[in-house]
Amino acid sequence: MASHGDPPADEHLASAESDDSFGSLLSTTLADLISRPTNDVVYLGNAIDMAQKALAKAPTDFAIPADYYKTLNVLFERKYQQTNDLADLQAAIAWAEQGTTVIQRNIDQIYCLSNLAACLVSKYEHTGSLEDLYEATKRMKEVQPESFRNLVIPAKSLSTLRGIFANWVRVKMAVEISLVSPGAIPATISNLGSQDTTDPTCLDNVIYLVESVLGYTKLGHTLEEDSFGQLSIMLYKRYQRMGNSVDLQKAIKFGELAVAATPLHNPGRAHNLSNLMIMLRCRFEQTGNLDDLQQAILRAEEAVATTPRDHPYRTSRMHNLMTILSLRALQTRDLGDIQQVILKAKEVIAITPQDHPNRASRINNLGMILRCRFDLTGDLDDLHQAILHAEEAVAATPLENSDRAGYLSLLRDGLRLRFECTGVADDIQRAVLWAQEAVALTPLDHPDRVGNANMLGIVLCSRFERTGDLADLQQAILLVNEVVSATPHDDPDRPCHLQTLGHMLSLKFERTGELNDLQQALLCAEEVEAATPLDHPHRASHLDSVGSILSLKFGQTGDIDDLEKAILQAAEAVAATPLDDPHRAHRLDNLGPLLHSRFKRIGKDGDLQQAVLRTEEAVALTPLDHPKRAGRVNNLGIMLLSRFERTANPTYLQQAILRADETVAITPLDHPDRARYLYNLSNGLSKRFMWSGNLNDLQQAISRADEALDATPLDHPDRIDRLDILGSSLRLRFDRIGDINDLQQAILRAEEALAATPQDHPTRAVRLDNLGKGLSSRFERTGDTNDLQQAILRMEEAVAETPQDHPDRPGQLNNLGNRLSLRFNRKGDLDDLQQAILCAEEAIAAIPLDNPDRACQLYNLACRLLWRFSRTGDLVDVQQAILRAQEAIGATPLNHPDRASRLDCLSNGLRSRFERIADLIDLQQAILRAEEAVAITPLGHPHRAGRLHNLSDRLSLRFLRNGDLNDLQQAILLADEAVATIPLDHPDRVLFLSSISNNLRLRFERTGDPDDLQRAILRAEEVVAITPLDHPDRAGRLNHLSKGLSSRFEWTGDLNDLQQAILGAEEAVAATPLHHPKRAGRLSDLASMLHLRFDRTGAIDDLQQAALYIEEVVTTTPLDHPDRARWLNNLGIVLSSTFRRTGQNGDLQQAILCAEEAVAITPLDDPNRAVWLNNLGNWLRLRFNRTSDIADLQQAITRVEEAVAATPLDHPDRALWLNNLGNRLSLRFIKTGDVNDLQQAIMRAEEAVDATPLQHPCRATNLNNLGDGLNLRYKVAKNSNDCERAVCCFRESIGLHFAPPTDRINAASSLIPILEEDENWVNASEIAEIAVNLLPHISSRSLGQNDQQYMIKRYNGLASHAAAFALQAGKSAAVAVQLLEVGRGVIANLQFETRTDFTDLREQHPLVATKFAQLRDDLDTSNNQPIAHTDPTAPKPSRHLTSLELDKTVEQIRQLPNFERFLLPPTASELMMAADHLRL
């Protein structure tokens, strides 16, 4: 192929003869070489060779012209363009560089520099070496500042700039290149904007470089659009990373400049508008400024409007518009925005074919918008529809489609949200499945994988919260832990992931109590806090989370510092949240409970007030139909309940229940939180029941608790709390109505709750405490001590597991103390009571003075101090108890349900002090308090019976103090009502029966109605029979029974009653500890009964033993003891009896002194004063009998007159006083001869007889005295009527078979002389025979020999007189001998060996004879044994039991053949046979 032509021959150069000519020829040649615009490689090669050869021929000193360098540079550069051989380009660059060095002329140098720059650019294009490009820019700058703007960088070179940013040195080069060549600026800015800006330093450099480029670009230049846009994006990225609001402000500023610099119809305008919308939305979310939100909507609307319908970004821009409209709707509550978006989305879907590739995306978008409307309205239909659309989008997307994971994520979130709203377990199960698939479909290096893994952890955590399956929570923690590990420390999402992890760890801690989880959660919280700048938009959220975790730590450790920090964090979060920020309500709702916790911890009222205010503000900011409203209203209700508990103001209780009602009402039936809200409502209703006693509240509380439990799955972790509240409510209902089934169910619920609580769970102590309460209630109901033991064990364990400074510890100490008190009352172990008092004191010390719980603790301490007083008699205890009870009542509002109990306690304390110091004001106040307690206790209340009993007790005490029978009548009615309202198997029934028995006995003593006495004894026997042998109250109940039996003996004369009474009294004393305050009273009662037996049988050892006991009582009793007068009187009785038996004047003197002291220390209105006065009169009369000192008789009459005057007309003792007064007046008549005294004596005796019931054992004595007075007046006045009446009195007395035998014999002894004087031998014989036959009844074998002789000596000669009267009456000698034999037999019966019938018995019936002999010997031994037993608790032989057993044995013997008259006197026929035998 022909070329453009050969280059000129080198001959031209060779022909030159001089340098000038050579140079001229060379220039011509070079000019010719480059003048041909050929690209022929051969030609260019030849031309280069020729030029080089020409230079080789130059003279030695030849100066190479500038054209030569330029020519070779051009030739090599042209050749390179054809061959692309880098060597040619290198040669071109070399010649250009040489040219720039040697050429001096400016124009030629510029030319070389320009060519050099062009070649260096070509080399950069060939090799990609940025250094070459950078060198080119430097060469151009050397020419002149403006000339480099003419540098043309080929498009090919520009396209390679995208790879030059390997390091920041080269980046700076690229920027300089951009500054050299305007054509490079777009590529430079584009590449800067596309760099990886995860490194903060890198991001800062990019922004700096873009700002540099932008600073060079002239205003109005077309490049400003890209520069502003890229700089705006970079600044927004840095804001997202660092949270510096200045960056956000600048980003918006440059974004607005980018939009302003973009023409309306420029396709890039929509892109800039979208970016600006995102930044404005972000600033709105940070500041809550609605202007930003409105501007964002305008920008989004313009972006959509300027985006063609078929533009690929139209959907995303519509989505952005939908999102921002949703935000405005949430802020302004204007659904118009959302409705508009939904309509547009539906319109788009309607026109999208079923098989369109974007249909799934558009359906998914509609689902997103519907979910937004659900977030706004809470309408579950929207959420259901959103889930259906998400499911449709997933179904329409193949497994291999990259969008499927995104659709699954949206479906997952919708299902999780619906689960949170409805609690349907299937939703959370499906959410977990879709979340797992989304993670599986997302590659490990995909940017969405971290987010999907994080969400899988979140849904697993939700499933854990629903099911309590710890494996879900463990897996969730592992996933989120991996997410956190994969997230760089400077990643803006790291704090959010850490926040999620901290929440899960805190949940695990709550579930397991593992402190390490809490520590890890705290570390997460601390890192979140440290990584969040002060002005970061998410700082408030992160602070909120930190506060929640610190609150948990406080709950575990009780360290107030943790709670303080939590409150500071939450308060800062609230402070950083604008008033109109939609998140403010949530943060206020978190701060409120923290303040509430601090209130519960330290009891500061200000915290409770602030907690209520913050939560009220949260509720006020929450729309009525907002799905979160129920939870916030619920929290407010809880705080109002605490305010009620703090102030006892029922208004707060009512408000709390109203809030709880509202919460339940606005919560759907299938919502998972409904059970929790029902639980809280149940708690409030039960509190109102405890306050008001309204049973309907308690019924509703149980109903709500049942409903809550039914709505809680068996494996749900909150089921334990709901079992707990139901058990507590059932126990309350048991306390109220006494249905044992309620208590059994309550215990079952408490046991189930405890069994489901792990050993190391922080709430285990509460569960133990509740079970202990139930068991102790069952003990109180059934008396089963095993329940009480188990209750104490549970409560001791609860206290042991509760830290010293824990706010629940005082309550648990209180509960333990109550149960220890119960065991003390049951077992009588003083150690239990001491421990109970210590528990109460420790609890009170830990409670602030103004805490409403303090009143309860004070009440309990008061009760326990009273019990200790009743055991030890220490007056300090009762004084302290009264003070504590008064303090408790002072802190208890008038309408508080516990006020009645505290009034009752104060009444008990005042009663106890009255018994101790006998101040009547105390008793009056005790009655008033007891009446008030009964008045405010509802009729069906389970404690009403106890309060009725206590009031009954106070009234009976007042009766004993003032003798007002109305008090006693009212006391009996109240006691009867108490028994009628208490279940048959209730353990307190015994106490109430005992009270009735005591009151009936008192009424018998007051009115003499034997029915009262019989009923009293029956009740007392029932009480003793059902009282366990080891019960601490058994001694008191035995003593009451003994007093009843003793009273019956005094009424009927049945010696067996007295024997049984003494046995019971001895057992009561033996069971009473030596230092027990009741021991003295019981010992005194025993002494009185022994004295009665002495009066009845004449046994001197009974009298001596009685004296020892009563002397011990008086000696050990304080001078100011209210019972001292009673016991002095009893001692006087014993001493006077000793005087009558022994004749020792000292005994009588001491008796009178005792009586005088008793009278002196007894108030004038005390009903017992009459008794002391009567006895003093008796003993003064005895001294008169001994000394004949008329002053003693005068004083005796005066004292008895005082006794009569102080005794009501219907009082049973009045007859006795009248009888005694008549006797004293008769004595004075005998002494002075004053007939008026005799008349008065008879009148008083007549009154005494008239006032004595026909069946009363004292009637015989009173009849005898009246008969003596009438007989005496007959002797003075000789009025036969007096004589006849006297005879009638004596006859009636003799005929009273229930009267003591001595009284009947005395009547016979008084009647016989009258009959003898009238020579009425028949009647005299009849009366004498009756008297003789009574002699064996007063000489019991149970008496000692001396006692028997004393008794027989009193009636010496009675048998002989009877025999004489028999003969005078015409009876046979045999009858007379028989009467004499009866008298002799009384003595003979005491000497068993003098009878031959015993010898016969021993021969015929040796076993019975041996038993008879043993009993006889026991009695003989006792007869000769000195008194050595002064302690009734010591074992000693019982003469009376032996005597009774011997009588039974004798009766058995008389049933044997031929032993019918065993130990009986001989019959008349036997005597005649004996006489005939003697004659023979």
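My aim in this report is to walk through the structure given alongside it, one point at a time. For clarity, every value in this text was computed on a predicted model and none was experimentally measured.

What follows covers the overall build of the chain. Scanning the chain for helices and strands turns up 68 helices and 0 strands. When the 1480 residues of the chain are sorted by exposure, 52% land in the buried category. Nonlocal contacts in the chain, meaning residues at least 24 apart in sequence, comprise 63% of its contacts between residues at least 6 apart. Summed over its atoms, the accessible surface of the chain is roughly 64,700 Å², and 52% of this surface lies on carbon and sulfur atoms.

So, on to the nonpolar core. In a soluble, globular protein the nonpolar side chains are often hidden away together inside. Judged by nonpolar contacts, the single largest core of 124 residues is most densely connected at Ile324 and Met504. When residues no more than four places from it in sequence are discounted, the contact partners of Met504 are Gly457, Ile458, Cys461, Leu473, Ala476, Ile477 and Val480. If you look at the next biggest cluster of nonpolar residues, it comprises 68 residues, including Tyr1109, Ile1197, Leu1221 and Leu1227.

Unusually for a residue other than glycine, Asn84 sits at a positive phi of about 60°. Tracing the backbone through its elements, the reader meets Asn84 in the loop between α4 (66–83) and α5 (86–102). Judged by relative accessible area, Asn84 falls into the partly exposed class, the value being 46%. Positioned with a positive phi, Ser1188 is a non-glycine residue whose angle comes to about 60°. Mapped onto the secondary structure, Ser1188 falls in the loop between α54 (1169–1187) and α55 (1190–1205).

Moving on, we come to the packing of aromatic side chains. We describe a pair of aromatic rings using the distance from one ring centre to the other and the angle between the two ring planes. Applying the stated rule across the entire model yields 3 aromatic pairs. The interplanar angle of 80° and the centroid separation of 5.5 Å between the aromatic rings of Phe1004 and Trp1051 together place this pair among those described as edge-to-face. Of the two residues, Phe1004 sits in helix α46 (residues 988–1007) while Trp1051 sits in helix α48 (residues 1034–1052), which places them 47 residues apart along the sequence. Across this residue pair, the class does not change: Phe1004 and Trp1051 are buried. Directly above the ring of Tyr1274 sits Lys1278, whose terminal nitrogen or CZ lies 5.6 Å from the centroid.

Attention now goes to empty space enclosed by the protein. With the rule as written, the count across this model stands at 2 cavities of 30 Å³ or more. Computed from the structure, the largest cavity encloses a volume of approximately 50 Å³. Every residue along the wall of the largest cavity is listed here: Leu723, Asp724, Gly727, Ser728, Arg731, Ala746, Ala750, Asn770 and Gly774. The leading source of residues in the lining of the largest cavity is helix α34 (residues 719–737), at 5 residues.

Counted according to the given criterion, the structure contains 61 salt bridges. Across the pair Glu662 and Arg629 runs a salt bridge, and its minimum N-O distance is 3.3 Å. In this pair, Glu662 sits in helix α31 (residues 650–665) while Arg629 sits in helix α30 (residues 629–647), placing the two residues 33 residues apart along the sequence. On the basis of relative accessible area, Glu662 is assigned to the partly exposed category, the value being 23%. Judged by its relative accessible area of 8%, Arg629 is buried. Ionic contacts of the salt-bridge type, sharing partners, join the residues Arg911, Glu915, Asp953 and Arg954 into one network.

We now examine the side chain of Ser1325. Within the fold, Ser1325 resides in helix α61 (residues 1321–1334). Dropping the residues within four chain positions of it, Ser1325 is found in contact with Phe1365, Ala1366, Ala1369 and Lys1371.

Along the chain, Glu887 turns up in helix α41 (residues 875–890). Classification of Glu887 by relative accessible area gives partly exposed; the value is 33%. With 32 residues separating them along the chain, Glu887 and Ala855 place their C-alpha atoms 7.3 Å apart. Not counting residues within four places of it along the chain, the set of residues in contact with Glu887 comprises Arg854 and Leu858.

Taking 1.5 Å of rise per residue, the 15 residues of helix α59 (residues 1280–1294) would be expected to cover 21 Å, and the 21 Å separating its terminal C-alpha atoms lies within 8% of that figure. Asp1282, Cys1283, Ala1286, Val1287, Cys1289, Phe1290, Ser1293 and Ile1294 are the residues of α59 that are buried. Each buried residue of α59 lies within a common arc of 160° when the element is viewed along its axis, so the set occupies one face. Along α59, exposed side chains directed more than 90 degrees from the buried face belong to Glu1284 and Cys1288. Along its buried surface, α59 packs onto α58 (1259–1277), α60 (1301–1317) and α61. Looking at where α59 begins, the residue whose side-chain oxygen comes 3.0 Å from the main-chain nitrogen of Asn1281 is Asn1279.

For the pair helix α38 (residues 809–827) and helix α40 (residues 853–872), the least separation of the axes is 11 Å and the interaxial angle reads 25°. If you check the angle between α38 and α40, you find them roughly parallel. Like other packed secondary-structure pairs, α38 and α40 cross with a definite hand, here left-handed. Where α38 abuts α40, its residues Pro810, Gly811, Asn814, Gly817, Asn818, Ser821, Phe824 and Asn825 lie against Cys856, Gln857, Asn860, Arg864, Trp867 and Arg871. Classifying every residue of the contact of α38 with α40 by side-chain character gives 4 nonpolar, 8 polar and 2 charged.

Cut-offs used in this document
Residues numbered from 1 in each chain as written. Predicted model: local features only at pLDDT ≥ 70, side-chain atom pairs only at ≥ 80, totals over all residues. Heavy atoms only, no water. Helix = DSSP H or I, 4+ residues; strand = E, 2+ residues; numbered from the N terminus. Buried < 20%, exposed > 50% of the residue type's maximum accessible area, 1.4 Å probe, protein only. Contact = heavy atoms within 4.5 Å. Areas by Shrake-Rupley, 256 points an atom, 1.4 Å probe, with all protein chains shown as cover. Core = buried A, V, L, I, M, F, W, Y, C linked by side-chain atoms within 4.5 Å. Phe/Tyr/Trp six-rings, centres within 6.5 Å; stacked < 30°, edge-to-face > 60°. Lys NZ or Arg CZ within 6 Å of the ring centre and 35° of its normal. 1 Å grid on protein atoms, 1.4 Å probe; cavity = no way out; pocket = protein on both sides within 12 Å on 5 of 7 lines; lining within 4 Å. Points joined across faces, edges and corners; volume = space filled by probe spheres on them. Salt bridge = Lys/Arg side-chain N within 4 Å of Asp/Glu carboxyl O. Expected span 1.5 Å × (residues − 1). Arc of directions from axis to C-beta. Polar contact = N/O pair within 3.5 Å; in protein donor to acceptor, adjacent residues only side chain to side chain. Axes fitted to C-alpha atoms, helices over the stretch in contact; angles between N-to-C directions. Parallel < 35°, antiparallel > 145°, perpendicular 65-115°, else oblique. Left-handed = near helix turned anticlockwise from the far one by under 90°. Nonpolar A, V, L, I, M, F, W, Y, C, P; charged D, E, K, R; others polar.

Just geometry here; none of it tells us what the structure is for.
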